[in-house]
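Observations on the three-dimensional arrangement
Residues per chain are reported as follows:
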Amino acid sequence: MRFGILGPLEVTGAAAPTDGGREPSYAPQAAKLRVVLGTLLIRANEVVSVESLIDELWPDAPPRTATTTLQVYVSHLRKTLQSADPEGGREALVTRRPGYLLRVGADAVDALAFEDLSRRGHQALQASDFAAAADLQRRALALWRGPLLSDTPHGPVLEGAAVRLAEARTTALDERIRAELHLGLHRELVAELQELVAEHRMHEEFHTHLMVALYRCGRQAEALRVFTALRQTLVEELGIEPGPASTRLQRRILEGDPALTRAGGRAAGPGAVTGTGTATAGTPAGTGRTPGHDGPPAAVAGTGAGARTGAPGWSAAPGALPSADPCFTGRAEELNRLERMVRSAPAGGCVAVTGMPGAGKTALAVEAAHRVADAFPDGRLYLDLRDGAGPGLPPGADSVLERLLPASAGPGAAPAEGAPQAPRVLLVLDGVGSETQVRPLLPALRGAVVLLVARRVPAGLPGLRSVLLGPWHPDEAQRLVGLFTGRAGTRPGMLGGTAALDAGPGLGPDTVAEIAELCGRLPLAVRTAAAQLAARPHWTAAVLADRLRDEGGRLDVLRTGDVDVRARLLDAYGACPEPQRRAFRLLSLLPPGRFGARQAAAALDLTEARASAALESLADERLVAVDRDGCHLPELLRLLAVERLALEDPPEVVRAAAERVCRAYAAAAAAEPGRVSDSGARGLVRLARTAYGAGLWALAVRLTDALAGWVPDDGEAVYALALDAARRCADRSPQARMQRSLGELAWQYRRVEQAHELFSGALELAREAGDEEEAARAQVGLAELCLDAGESAAAAALLEPALAALSAPGRTRGRYEASRARALLALAHEGPESARAWFGECLELAGALRDQRLEVYALRSLRALSLPPEGGSGPASRAVEIRPGLWRIHPAGVPT
């Protein structure tokens, strides 16, 4: 059992990870429970008094029952801990005077792990073991997911802890940067430090670190401007000058002090293994310097590659690793996993980053390559296999590979027996199309670790480990604001060459999250959308979101300069054989969201077994996403499939496939009537529109019927289409159902006259069709209008025959609505006991329907009858919930 408090509260246990690779969370949902658990975790393995917990829960005025309530909270927490750890979770939280104690291991709470790593990193820094210090502080900082217990209200204890740990985090960050500067990583640090000085405008040490990094990059003028900005901030806001250290550094930069250009670092000892890599005898770990060498490493600038004793130096080109992406955002989980894989890979081992087009595979690989610089003291090289015109290696590849081999060997030859082992190097191979491109190179790369970037897993490579990239996680949307303001990821920078933006009106997390969802949370698409906004100052974020909501034009919006999301997706589509492309197009007829082999079989006109095989093939090509819960078309790939279906397939083929899909979904809905989830209902609405557009009138009606009262945002338009489809079928019963549904919507929107006209028309149509059930439901609608108008006698006269008709078997939903209306009538004129009986019947009927929403409504209504009156003579004097979530302030027939 592990706890995370460096961010939103997390509790994980022994359960198997979910299909997404994440462990299930047992964190309590109730805010008060999170407060108690968070306070106990902040003081883990210490007794926290009852008084302290009460002060944390109710800082201003605790209730009279505070102690009893706290005991209830503790009982709930024990159950939660037992769920997370059935063997010892409940016993972890013990009662110990004068309060409670939560017993956890030293590595079970991320805050404890952070403090331990940070302490060890500080000790390594004091001992001048800069590689170990940087690694330990980097690992400590990686534990942070956000502000301390960011989803939990803070009282005195949590507020104090938040301040203390935030300061500790800043100190760890400062010491990590200090260590990395000693390791000569100034180029990699510039962008991150620029963001830090913008965030911490009066933190002098971050400013001095940036000044040193810029100066070592040959950017003396920019380094001096950093000091000027710091001085201006301190003078204007505090009326003080920068401290002596900052002033001395400015003077040394002005004088061109050559000592500032030198970075220094040492390992724990010759041949010692540090926390970040292995040092060769006599070589400082992670620095690439020979002993006694005072200057910068003999390295490719910006790569951290250096010279090993007895090994030749490296030149900068070709094959230099690209600079780290200043706008790299999110991917913390995948980045940490990839970093672990690369660090633990043996010489000659292969690690792959795979995923759908536009997922940011290259950016992740390059970011990881920069992070593992200390583990590859002899260099990190980059080779893009897409640069070639044919199946062979691209131009310049030979010179890159020669740097990995002894001078006598060629790029296709393995090292001779007894030859010196190749240097400890990381080779990033981008644009890998298949394993046939890589396998011939492996014998020559026995001393290197190869990091492959490919759309599909290059199967057949021995010992290959891979990281699969999909869209950004939904919880990463908060970080994406930086892409639109020019302050993305951990480093600020330019977005597609455009200047960083100020956060304009409406450019908040919610708007950015919507834009990200419309882009399918695909990194390339989100960044392209951000670039569009930067290139059009007259656009607001709301304008961009509005343009992206149009599915037909969304891919057109996601194109700016030479970046075209549609073109990138088409590359992957075009690389597939025609049978796979055809299957991909037909799957676009399925509603957005997850589907299984049965639904795919309907679209593809195949058996389920063959449809499963087709889905696996598309998943290999990254055109379909597959996990244990089913399959889905990633959002932008789905839109591409819709486009290609319209362009490449004959209308009669599309109509036949649409009919198969609609029939399959209608049959599935009919098998479980009245049980439809929100996502399932949205899918039925989309299919009903598809059926109507294809002229499949009866299917359009069946699919709308399957909504079982679920009302979409554009409900009137949906039911109006179904009503028109029913009229085209010349079937009066479905006409009556759709007209009644429209009447209910008009009543909810308080268009009473229109509602009366629609209910009356529905009643007439139902009677003409001989549909007793539908006639009774129309009478219930008219009765509710009468109740609204205070015409209780008329309402009773309508409800009596309706209840009788709806008592027949198979009419449970209609009986529920009639009983609900009868309960409201009883509440207004017969008293709470009569109303209680009718609401009790509603509860039984909702249980029979297995409709949780209706059950909860009935329970709420029954509880309301037991409450004392508020300023009136009885329950009827209060506001009444007449439908789930819909309230009448002054019930009909009650004097006000």
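Structure: above.
What follows covers the overall build of the protein chain. Assigned secondary structure in the protein chain consists of 36 helices and 16 strands. By residue count, 51% of the 896 residues in the protein chain fall in the buried class. In the protein chain, once contacts between residues fewer than 6 apart in sequence are set aside, the share between residues at least 24 apart is 65%. When the accessible surface of the protein chain is summed, it comes to about 39,600 Å², and 52% of that surface belongs to carbon and sulfur atoms.

The five strands are arranged β7-β8-β9-β6-β10 in an open sheet whose pairing can be described as parallel. Single-partner strands in this sheet number two, and they are β7 (380–384) and β10 (465–469). On average, adjacent strands in this sheet sit at an angle of 15 degrees to one another, irrespective of strand direction. Alignment of β7 against strand β8 (residues 425–432), held across five bridges, turns out to be parallel. Within the sheet, the bridge partner assigned to Y382 lies in β8 and is V428.

With that settled, consider helix α25 (residues 635–648). Helix length check: α25 (14 residues) gives 20 Å between terminal C-alpha atoms against 20 Å at 1.5 Å per residue, within 8%. Among all positions in α25, only L636, L637, R638, L639, L640, A641, R644 and L645 are buried.

Strands sit in the order β3-β5-β4 across an open sheet of three strands; the sheet is antiparallel. Each edge of the sheet is formed by a strand with only one pairing partner; in this case those strands are β3 (47–49) and β4 (93–96). Across the sheet, the mean angle separating the axes of adjacent strands is 30 degrees when strand polarity is ignored. As paired strands, β3 and strand β5 (residues 99–102) are joined by three bridges and run antiparallel to one another.

Now for the pattern of salt bridges. Counting across every chain of the model gives 58 salt bridges. The partner of E648 in a salt bridge is R644, with the nearest N and O atoms 2.9 Å apart. Linking E648 with R644, this pair stays in helix α25, spanning four residues, or about one helical turn. The residue R751 makes a salt bridge to E716 at a minimum N-O spacing of 2.2 Å. Of the two residues, R751 is situated in the loop between α30 (732–748) and α31 (752–769) and E716 in helix α29 (residues 715–729); the sequence distance between them amounts to 35 residues. For R751, a relative accessible area of 32% gives the class partly exposed. Salt bridges here are not isolated pairs; linked through shared partners, they connect E578, R581, R585, R644, E648 and D649.

Quick look at the pairing of β5 now. Summarising the sheet, β4 and β5 pair through four bridges and their orientation is antiparallel. Looking at the pairing, L93 lines up with L102 of β5. Between β4 and β5, which follow one another and run antiparallel, lie two residues.

Here the structure, examined in full by the defined rule, presents five aromatic pairs. An angle of 90 degrees between the planes, with centres 5.6 Å apart, marks the rings of F114 and W144 as edge-to-face. Taken as a pair, F114 in helix α5 (residues 110–126) and W144 in the loop between α6 (130–142) and α7 (156–182) lie far apart in primary sequence, 30 residues in all. Ring geometry for Y573 and F584: centres 5.7 Å apart, planes at 45 degrees, overall tilted. Of this pair, Y573 sits in helix α21 (residues 565–574) while F584 is found in helix α22 (residues 578–587), placing the two residues eleven residues apart along the sequence. We classify Y573 as buried; its relative accessible area is 4%. Cation over ring: R581 sits above Y573, and NZ or CZ is 5.8 Å from the ring centre. Here the guanidinium or amino end of R728 rests over the ring plane of W697, the centre of that ring lying 4.5 Å away.

Cut-off values and rules
Residues numbered from 1 in each chain as written. Predicted model: local features only at pLDDT ≥ 70, side-chain atom pairs only at ≥ 80, totals over all residues. Heavy atoms only, no water. Helix = DSSP H or I, 4+ residues; strand = E, 2+ residues; numbered from the N terminus. Buried < 20%, exposed > 50% of the residue type's maximum accessible area, 1.4 Å probe, protein only. Contact = heavy atoms within 4.5 Å. Areas by Shrake-Rupley, 256 points an atom, 1.4 Å probe, with all protein chains shown as cover. Pairing = 2+ DSSP bridges. Axes fitted to C-alpha atoms, helices over the stretch in contact; angles between N-to-C directions. Expected span 1.5 Å × (residues − 1). Salt bridge = Lys/Arg side-chain N within 4 Å of Asp/Glu carboxyl O. Phe/Tyr/Trp six-rings, centres within 6.5 Å; stacked < 30°, edge-to-face > 60°. Lys NZ or Arg CZ within 6 Å of the ring centre and 35° of its normal.

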